[in-house]
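Given next are the chains, with one letter for each unit.
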Amino acid sequence: MRLTQGTFSFLPDLTDAQITSQVDHCLRHGWAVGLEYTDDPHPRNTFWEMHGNPMFDIRDAAGVMLELQQCRTTYPDHYIRLTAFDSTHGTESVVLSFIVNRPADEPGFRLIRTEEAGRSIRYSIESYAVQAAPEGARYRGPGR
């Protein structure tokens, strides 16, 4: 299951040359760039771990790409996203965010249905990344 979060999420993964072009775009606008990573990309998990601090003072895409390469080396089996922040209005607002690294195996999510009083049904989403079952064994019940 391919995770679709952020800008460009329905396109094929960007190449490093395309990522560099996007970073150049961000820097031309004066946006700070940050790198974040996670192994649990649940849609409500908006606070990923920061790889270093946001790069407020970098003016060349090569510096950002160097940090990205270090992050990929350190966390090769994690999702990594590049986020650009605009501070022109006095606060840091995210203006661009896209995934720049994916694990080789994207575990996906399952829908959990819970029946409650009054014939109400509640739905929630759980990441397969939090389960120990490998992809081929996810739908088997206990003891199968």
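This text goes with the structure placed above it.
Each value, and the rule that gives it
- Residues numbered from 1 in each chain as written.
- Predicted model: local features only at pLDDT ≥ 70, side-chain atom pairs only at ≥ 80, totals over all residues.
- Heavy atoms only, no water.
- Buried < 20%, exposed > 50% of the residue type's maximum accessible area, 1.4 Å probe, protein only.
- Helix = DSSP H or I, 4+ residues; strand = E, 2+ residues; numbered from the N terminus.
- Pairing = 2+ DSSP bridges.
- Polar contact = N/O pair within 3.5 Å; in protein donor to acceptor, adjacent residues only side chain to side chain.
- Contact = heavy atoms within 4.5 Å.

A short note on the pairing of strand E1 (residues 32-38)
Phase 1 of the analysis: Among the seven residues that make up E1, seven are buried, leaving the element largely enclosed by the rest of the structure.
Phase 2 of the analysis: Residues Ala-32, Gly-34, Glu-36 and Thr-38 point to one face of E1 and Val-33, Leu-35 and Tyr-37 to the other, with burial holding for every one of them.
Phase 3 of the analysis: Direction of pairing for E1 relative to strand E3 (residues 79-86): antiparallel, over a ladder of seven bridges. Bridging from a neighbouring strand, Tyr-37 pairs with Ile-80 of E3.

Some thoughts on the side chain of Asn-101
Phase 1 of the analysis: Mapped onto the elements of the fold, Asn-101 is located in strand E4 (residues 93-101).
Phase 2 of the analysis: Only 3.5 Å separates the side chain of Asn-101 from the backbone oxygen of Pro-76, close enough to count as a polar contact.
Phase 3 of the analysis: At a separation of 3.0 Å, a polar atom in the side chain of Asn-101 contacts the main-chain carbonyl oxygen of His-78.
Phase 4 of the analysis: Those residues within four positions of Asn-101 in sequence are excluded, and the remaining contacts are Arg-72, Tyr-75, Pro-76, His-78, Tyr-79 and Ile-80.

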